[in-house]
There are 2 protein chains.
Amino acid sequence: MAGNTDGTISAQEAIRAAGLRATPARVATLLVLRRSAAPLTHAEVSAELAEAAIDKATVFRSLSALVDAGLSRRFEVGDHVYRFEQVVPGEAATHRHPHFLCTVCGVVSCLDHAGVSSGIRRVCETIGDVTDIVLRGRCRECQ
Amino acid sequence: MAGNTDGTISAQEAIRAAGLRATPARVATLLVLRRSAAPLTHAEVSAELAEAAIDKATVFRSLSALVDAGLSRRFEVGDHVYRFEQVVPGEAATHRHPHFLCTVCGVVSCLDHAGVSSGIRRVCETIGDVTDIVLRGRCRECQ
DNA sequence: CCGCGATGTGCAATACGATTGCAAGTGCAA
DNA sequence: TTGCACTTGCAATCGTATTGCACATCGCGG
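In this report, we go over the structure that sits alongside the text.

Calculation criteria
Residues numbered from 1 in each chain as written. Chains lettered and ligands numbered in written order. Predicted model: local features only at pLDDT ≥ 70, side-chain atom pairs only at ≥ 80, totals over all residues. Axes fitted to C-alpha atoms, helices over the stretch in contact; angles between N-to-C directions. Helix = DSSP H or I, 4+ residues; strand = E, 2+ residues; numbered from the N terminus. Parallel < 35°, antiparallel > 145°, perpendicular 65-115°, else oblique. Contact = placed C-beta atoms within 7 Å. Nonpolar A, V, L, I, M, F, W, Y, C, P; charged D, E, K, R; others polar. Pairing = 2+ DSSP bridges. Near = placed C-beta within 6 Å. Left-handed = near helix turned anticlockwise from the far one by under 90°.

## Let's talk about the packing of helix α2 (residues 24-35) of chain B against helix α4 (residues 56-68) of chain B
All names here are of chain B. Close contact between α2 and α4 brings their axes to 9 Å; oriented N to C, the two are set at 70 degrees. With respect to α4, the axis of α2 lies roughly perpendicular. Taking contact as the criterion, the partners of Ala 25, Arg 26, Thr 29 and Leu 30 in α2 are, on α4, Thr 58, Val 59, Ser 62, Leu 63, Ala 65 and Leu 66. Its residues assigned to classes, the contact of α2 with α4 shows six nonpolar, three polar and one charged.

So this is what it looks like as structure tokens:
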């Protein structure tokens, strides 16, 4: 039993597959992330899971565990609050490409295709080993 | 007396010109920013000014005042700590350049000079209004 | 050169997100 | 089913950012 009717892997399966124990707290956490369209703050996830009597420290550790396992992503928009979002199943967690982060709506887009490479790559080599490139600003819809 | 031998405006002059009172704390704060090649955190500036018996709250307010006056710039690279850097006299206060954060040693460097612009600029326009570019990775010394 | 009022400073306290220690509880492989 | 490492809950703690308030100071006008 590795999947649902819609073809996605169940949260429990995904967590196990990532090498973690599928505890209620982690499953619930991942479900909240999956259910949400937008990235959530720890506080938001926490609030939602408070009904299930899951402690905020546990939520934080669950989120961290999910991040470490590559099931979710952590970032922040400049307001000093971390946001979490699920890593869409199928995309490699290690796949590296620049991200654009709209500081207004919080949406993160991937710049896979973007021709960011050539100029920057040389700079990167001068600096060291660049693992991450983030652009921030306002997306077209938030202008 | 509007300038030094090297042609730059003295910190005191600059502060006055920006419409602020040139207090020792502000002058000292601006000097620290000017002296530093890399952007500094509030804690770093504060530590340096502690010798001069300047309180960290004052440093924070001084930094904020400088930012508001357009003499310095505040940003952060994703580690939940604000960085401050001077606005180079002559360049527009809105001038932006990419920053590199070494996730190992935490040092932030400016990629002023870097030829990051050309390729990226086009991408930025496609996406929306990019206000900030951050690269992360390990610097040469932390390899 | 001096006094005064507006402004800035120092100290301490606070807000708040992030993070951890520890003991009790639980998942899961054998 | 059992054991043990891994998790959780609770509460405490940490660090950055921020503010209140009384005192000190800047710098303008006299």
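## Here we look at the sheet that holds strand β2 (residues 72-76) of chain A
Residue and element names in this part refer to chain A. One open sheet holds the three strands; their spatial order is β1-β3-β2, and the pairing between them is antiparallel. For this open sheet the edge positions go to β1 (40-41) and β2, each flanked by a neighbour on one side alone. Sheet analysis places β2 next to strand β3 (residues 82-86), joined by five bridges and oriented antiparallel. Looking at the pairing, Phe 75 lines up with Arg 83 of β3. Taken strand by strand, helix α2 (residues 24-35) contacts β1, β2 and β3, and its axis lies near 85 degrees from that of β3. In the packing of helix α4 (residues 56-68) onto the sheet, the strands contacted are β2 and β3, and the crossing angle to β2 comes to about 110 degrees.

## Quick look at the protein's contact with DNA strand D
Taken together, the neighbourhood of DNA strand D is formed by 23 residues, with Thr 23, Ala 25 and Thr 58 of chain A together with Ala 57 and Tyr 82 of chain B sitting nearest. For the surface near DNA strand D, the secondary-structure elements that each account for two or more residues are α2 and α4 of chain A together with α3 (42-50) and α4 of chain B. In terms of residue count, α4 of chain A provides more of the surface near DNA strand D than any other element does, four residues in total. Of the residues assigned to the surface near DNA strand D, the class counts are 12 nonpolar, five polar and six charged.

## Focus: the packing of helix α3 (residues 42-50) of chain A against α4 of chain A
Residue and element names in this part refer to chain A. As a packed pair, α3 and α4 sit with axes 9 Å apart at the nearest point and diverge in direction by 120 degrees. It follows that α3 is oblique to α4 by the angle criterion. Between α3 and α4 the crossing geometry is right-handed. Mapping the contact onto sequence places His 42, Val 45, Ser 46 and Leu 49 in α3 and Lys 56, Val 59, Phe 60 and Leu 63 in α4. Its residues assigned to classes, the contact of α3 with α4 shows five nonpolar, two polar and one charged.

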